2 protein chains.
Amino acid sequence: MQGTEWIFTRRSVRQFSQRPVEEEKLHLLLEAAMSGPSCTNARDWAFVVVTDPQLLQKMADANGAPAKPLEKAAAGILVCGDLERAFPPAKDYWVIDGAIAAQNLCLCAQALGLGAVWLGTWPQMDRVERQRELLGLPDSVVPHSIIALGYPVEDIARPRESRYEENRVHWNGW
Amino acid sequence: MQGTEWIFTRRSVRQFSQRPVEEEKLHLLLEAAMSGPSCTNARDWAFVVVTDPQLLQKMADANGAPAKPLEKAAAGILVCGDLERAFPPAKDYWVIDGAIAAQNLCLCAQALGLGAVWLGTWPQMDRVERQRELLGLPDSVVPHSIIALGYPVEDIARPRESRYEENRVHWNGW
């Protein structure tokens, strides 16, 4: 049904054209990220948008082999948690809130005709520390995930097979 | 732009009509949940769908005061992590993968005209243990979040104000 095709057709895109991402689209992606729910509406996130090619190369180097697509991406958005805003009785909700923001961002990218791939940073603490140092983040800001973005070189809106797995579902108890 | 309105209009819905949720819609919600990315495509999640009113009441009791909307919900879906499937070098990615699945489920609900509210379980371990016991989950399955679902009593597709916060965004470094 209308509006959900982005959920079902979403795919990871790792090859990008050289076309830059318009600033208004970057703004919309960030607004999408901030439109998700968060624990007690803490909005305990922060975003570092990187478009400088040299810095993208360094971010890729700091995030392990799977981050190679970032080298040729038009932009990389590092989603972070902000522990100063996190729900004090259970600060680890920041991990969930950051994932919600990053997924909204990826779905919005798909709807805008952009390609995106999610690059895991947390909980791999070597990556977390290297990104923190590279980007000069304060101690209260924790790197969560990087979304590499750009215009895709392939058609990304084509249908996909269902990814439903029956054995993942239990009804009214295990 | 088309297809992203569900991201921007999404809101938490806590009051539901008595109309049940059609089984085909529940299936589609679960398919949406399983259409998100996961670390190394581990798909390290599992779902317990609860429609039994007495069991919904017990789930609500086990999940703290914010879970009260579950008492009158048509369905509650407990999103879980499956540690047996999780990426062995960094199993905690299950927390991110579960959040992606749950957010896809919430956005799909919005697009289907359903209301949803996200009820936090992990990392509040008292809630995690009570849900595990109530639903008879194996040790390798960890309760993550509950999504309460039903037909809303209010119009949920109406526009919302922007939730963009300028001070959350940094460009090419902190």
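Starting afresh in each chain, residues are numbered from 1 along the sequence in its written order. The order in which chains are written sets their letters, starting at A; the order in which ligands are written sets their numbers, starting at 1. Local features in a predicted model are, by the rule used here, given only for residues with pLDDT of at least 70; side-chain atom pairs are given and counted only at 80 or more, and totals for whole chains, interfaces and linings are based on all residues. Excluded from the side-chain calculations are hydrogens and water; all other atoms, namely the structure's heavy atoms, are used.

### Quick notes on the sheet that holds strand 2 (residues 75-82) of chain B
Strands are labelled as partners when DSSP assigns at least two bridges between them. Only DSSP runs of H or I reaching four residues or more are called helices, and only runs of E reaching two or more are called strands; each is numbered from the N terminus. Strand order in the open sheet formed by five strands is 5(A)-1(B)-2(B)-4(B)-3(B), with mixed pairing between adjacent strands. The open sheet has two free edges, formed respectively by strand 5 (169-171) of chain A together with strand 3 (115-120) of chain B, since each of these has just one partner strand. Strand-to-strand twist in this sheet, taken as the mean axis angle between neighbours without regard to direction, amounts to 25°. Note: strand 5 of chain A against strand 1 (residues 45-50) of chain B, three bridges, orientation parallel. Here the axes come from fitting lines to C-alpha atoms, over the contacting stretch only for helices, and the angles between their N-to-C directions go from 0 to 180 degrees.

### So, the sheet that holds strand 5 (residues 169-171) of chain B
Here five strands make up an open sheet; going across it, the order is 3(A)-4(A)-2(A)-1(A)-5(B) and the pairing mixed. On the outer flanks of this sheet lie strand 3 (115-120) of chain A together with strand 5 of chain B, each paired with one strand and no other. In this sheet, neighbouring strand axes are inclined to one another by 25° on average, regardless of whether the strands run parallel or antiparallel. Summarising the sheet, strand 1 (residues 45-50) of chain A and strand 2 (residues 75-82) of chain A pair through six bridges and their orientation is antiparallel. Paired with Phe-47 of chain A across the two strands is Val-79 of chain A, which belongs to strand 2 of chain A. Of the strands in this sheet, strand 1, strand 2 and strand 4 (141-150) of chain A together with strand 5 of chain B are in contact with helix 2 (residues 23-33) of chain A, which crosses strand 1 of chain A at around 160°. Contacting strand 1, strand 2, strand 3 and strand 4 of chain A, helix 5 (residues 125-135) of chain A runs over the sheet at an angle of about 80° to strand 4 of chain A. We call two residues contacting when some pair of their heavy atoms lies within 4.5 Å.

### Quick word on the packing of aromatic side chains
Residue and element names in this part refer to chain A. Here a pair means two rings of Phe, Tyr or Trp (six-membered ring of Trp) with centres within 6.5 Å. Their orientation is stacked below 30 degrees between planes, edge-to-face above 60, and tilted elsewhere. The full count for this structure, using the stated rule, is four aromatic pairs over all chains. For the ring pair Phe-87 and Tyr-93, a centre distance of 6.3 Å and an interplane angle of 55° mean the geometry is tilted. Against the face of Tyr-151 rests Arg-19, its NZ or CZ located 3.6 Å from the ring centre. Comment: the charge-over-ring label is applied if NZ (Lys) or CZ (Arg) is within 6 Å of the ring centre and within 35 degrees of the ring normal.

### Section: the nonpolar core
Here, nonpolar core refers to any group of buried Ala, Val, Leu, Ile, Met, Phe, Trp, Tyr and Cys residues whose side-chain atoms link them within 4.5 Å. The classification of residues rests on relative accessible area computed with a 1.4 Å probe and restricted to protein chains. Under 20% of the type maximum is buried, over 50% is exposed, and intermediate values are partly exposed. Core analysis: the largest hydrophobic core is formed by 86 residues, its most contacted members being Leu-29, Phe-47 and Leu-149 of chain A together with Leu-29, Phe-47 and Leu-149 of chain B. In this view, Phe-47 of chain A contacts Leu-30, Ala-33, Met-34, Ile-77, Leu-78, Val-79 and Ala-101 of chain A together with Arg-168, Val-169 and His-170 of chain B; residues no more than four positions away in its chain are not counted.

### Notes on the UniProt feature "domain: Nitroreductase" (unreviewed entry) in chain A
Residues and elements named next belong to chain A. UniProt positions are given in the numbering used here, feature names are shortened, and annotations may be inferred rather than shown by experiment. UniProt's entry tags residues 8-74 and 95-151 with the feature "domain: Nitroreductase" (unreviewed entry), counted in the numbering of this structure. For residues 8-74, the helix share is 33%, the strand share is 9%, and the end-to-end C-alpha distance is 24 Å. Along residues 95-151, the helical share is 49% and the strand share 28%, with 28 Å between the first and last C-alpha atoms.

### Side note on the side chain of Ser-38 of chain A
Residues and elements named next belong to chain A. Structurally, Ser-38 is set in the loop between helix 2 and strand 1. Using a relative accessible area of 13% as the deciding quantity, one classes Ser-38 as buried. Polar contacts involving the side chain of Ser-38 include one to the main-chain amide nitrogen of Arg-43, which spans 2.9 Å. Beyond its immediate stretch of four places on either side in the chain, Ser-38 contacts Arg-43, Asp-44, Trp-45 and Asp-97. In the analysis that follows, any N or O atom pair within 3.5 Å is treated as a polar contact, provided that within protein one partner can donate a hydrogen and the other can accept it, and provided that, for residues neighboring in sequence, both atoms belong to side chains.

### What about the environment of Pro-152 of chain A?
All names here are of chain A. Relative to the helices and strands, Pro-152 resides in the loop between strand 4 and strand 5. A C-alpha to C-alpha distance of 22 Å links Pro-152 and Val-48, two positions 104 residues apart in sequence. The residues touching Pro-152, leaving out its near neighbours within four places in the chain, are Val-13, Gln-15, Gly-113, Leu-114 and Gly-115.

### A look at the pairing of strand 1 of chain A
For strand 1 of chain A, a buried count of six out of six residues is recorded, marking the element as mostly surrounded by other parts of the structure. Burial along strand 1 of chain A is two-sided: Trp-45, Phe-47 and Val-49 of chain A facing one way and Ala-46, Val-48 and Val-50 of chain A facing the other are all buried.

### Examining the interface of chain B and chain A
Between chain B and chain A, the contact holds 70 residues from the first and 70 residues from the second. The buried area of a pairing is the accessible area, by a 1.4 Å probe, that goes missing from both parts when the two are put together, added over both. It is Arg-168, Asn-172 and Trp-174 of chain B in chain B that bury the most area against chain A; as a group they hold 12% of the surface buried on that side. What makes a salt bridge here is a side-chain nitrogen of Lys or Arg within 4 Å of a carboxyl oxygen of Asp or Glu, nothing more. The interface formed by chain B and chain A contains six salt bridges. For the side of chain B that touches chain A, the secondary structure elements donating two or more residues are helix 1 (5-9), helix 2 (23-33), strand 1, helix 4 (93-111), strand 3, helix 5 (125-135), strand 4 (141-150) and strand 5 of chain B.

### Describing the pattern of salt bridges
Following the criterion strictly, the structure yields 14 salt bridges over all chains and no others. With a closest N to O distance of 3.4 Å, Glu-165 of chain B and Arg-43 of chain A form a salt bridge. Here Arg-43 of chain A lies in the loop between helix 2 and strand 1 and Glu-165 of chain B lies in the loop between strand 4 and strand 5, a pairing that spans two chains. When the shortest N-O distance is used, the salt bridge between Lys-68 of chain B and Glu-71 of chain B registers 3.2 Å. On the basis of relative accessible area, Glu-71 of chain B is assigned to the partly exposed category, the value being 26%. Three or more residues are tied together by salt bridges with common partners; here these are Arg-43 and Arg-85 of chain A together with Glu-165 of chain B.

### Some remarks on the environment of Ala-90 of chain B
Checked against the element boundaries, Ala-90 of chain B lands in the loop between strand 2 and helix 4. With residues near it in sequence (within four places) discarded, Ala-90 of chain B still touches Pro-123 and Gln-124 of chain A.

### Considerations on the packing of helix 4 (residues 93-111) of chain A against helix 4 of chain B
At a minimum axis distance of 8 Å, the contact between helix 4 of chain A and helix 4 of chain B shows a crossing angle of 55°. Considered as vectors, helix 4 of chain A and helix 4 of chain B are oriented oblique to each other. Considering only the axes of helix 4 of chain A and helix 4 of chain B, their crossing is right-handed. For the pair helix 4 of chain A and helix 4 of chain B, contact is made by Val-95, Ile-96, Ala-99, Ile-100, Gln-103, Asn-104 and Leu-107 of chain A and by Val-95, Ile-96, Ala-99, Ile-100, Gln-103, Asn-104 and Leu-107 of chain B, respectively. Working definition: roughly parallel below 35 degrees, roughly antiparallel above 145 degrees, roughly perpendicular at 65 to 115 degrees, and oblique for all remaining angles. Two helices that cross are described as forming a left-handed crossing if the nearer one is turned anticlockwise from the farther one by less than a right angle, and a right-handed crossing if clockwise.

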